[in-house]
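# Structural overview for review
The primary structure of each chain is shown beneath.
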Amino acid sequence: MLNCCVDLEEVKTKGVTIGTVACLAKCQGLDVNAVYGSNSTVAEFRTIVKRTCTTTAPSIATAATRPTSFLVVSYTRRVIGQTGSGHFSPVGAYDEASDHVLILDTARFKYGPHWVSLPLMFEALLPLDEATGKSRGYMVLGYDGSEGSSNAGNDGGNAGGNAGSGGNGDLAQ
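Keep in mind it's a predicted model, so treat the numbers as computed, not measured.

Our focus in this paragraph is the sheet that holds strand β7 (residues 114-117). Sheet architecture is open: six strands sit in the order β1-β10-β4-β5-β6-β7, paired in antiparallel fashion. Bordering the open sheet on either side are β1 (31-36) and β7, each of which pairs with just one other strand. When strand polarity is set aside, the average angle formed by the axes of neighbouring strands in this sheet is 35°. With six bridges connecting them, strand β4 (residues 69-76) and strand β5 (residues 86-95) associate as antiparallel partners. Bridging across to β5, Tyr-75 finds its partner in His-87.

Given below as structure tokens:
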């Protein structure tokens, strides 16, 4: 389903940017709030991490709770002492006592789930992506109106996201 945002051949040669991933999430019906790291602060990022890692909604079917949104980070691996360059992974948890986030690495063959200090993870969002000339960043992906807006055609000046909540939400700068 890459055709809605980018040609598959382009992905094979150039990879994907945060704007492309935000667009793909929109194509799948998700609400998206995408933020360049350079348009945010560590305090704003911490607020988003806390909200996405702790906010749940009741599930009618099971009387349990389920997350209402998910956080995906687009970061530079070298900043956190790993090999490679740009990478996307979801944040699975936040430990407030140690101020660490649990990165659920999508390249499990290379790195399993691992804890990273939140300030260091924020620093990893700041290097420029060579493809865009802009910093990397983070995206809150939600459903059922839990985050962002569902008007995929009007990005409000950011790459596939809503300027709604936290961190300015502005991928246009």
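What follows deals with the nonpolar core. Counting 20 residues, the largest nonpolar core has Phe-45, Val-73, Val-101 and Met-121 as its most contacted members. Listed by contribution, the elements that provide at least two residues to this core are α3 (42-54), β4, β5, β6 (100-103), α4 (118-124) and β10 (137-142). The greatest single-element share of this core, amounting to four residues, is contributed by α4. Setting aside residues no more than four positions away along its own chain, Val-73 makes contact with Phe-45, His-87, Phe-88, Ser-89, Val-91, Ile-103, Met-121, Leu-125, Gly-137 and Tyr-138.

Considering all chains together, one arrives at one disulfide under this definition. A disulfide bridge connects Cys-5 with Cys-23, and the sulfur atoms are separated by 2.0 Å. Across the disulfide from Cys-5 to Cys-23, rotation about the S-S bond amounts to roughly -85°, and the bridge is consequently left-handed. In this pair, Cys-5 is assigned in the segment before α1 (8-14) and Cys-23 in helix α2 (residues 18-27), connecting sequence segments 18 residues apart. For Cys-5, a relative accessible area of 25% corresponds to the partly exposed category.

Reading the values: rules and limits
- Residues numbered from 1 in each chain as written.
- Predicted model: local features only at pLDDT ≥ 70, side-chain atom pairs only at ≥ 80, totals over all residues.
- Heavy atoms only, no water.
- Pairing = 2+ DSSP bridges.
- Helix = DSSP H or I, 4+ residues; strand = E, 2+ residues; numbered from the N terminus.
- Axes fitted to C-alpha atoms, helices over the stretch in contact; angles between N-to-C directions.
- Core = buried A, V, L, I, M, F, W, Y, C linked by side-chain atoms within 4.5 Å.
- Buried < 20%, exposed > 50% of the residue type's maximum accessible area, 1.4 Å probe, protein only.
- Contact = heavy atoms within 4.5 Å.
- Disulfide = S-S within 2.5 Å.

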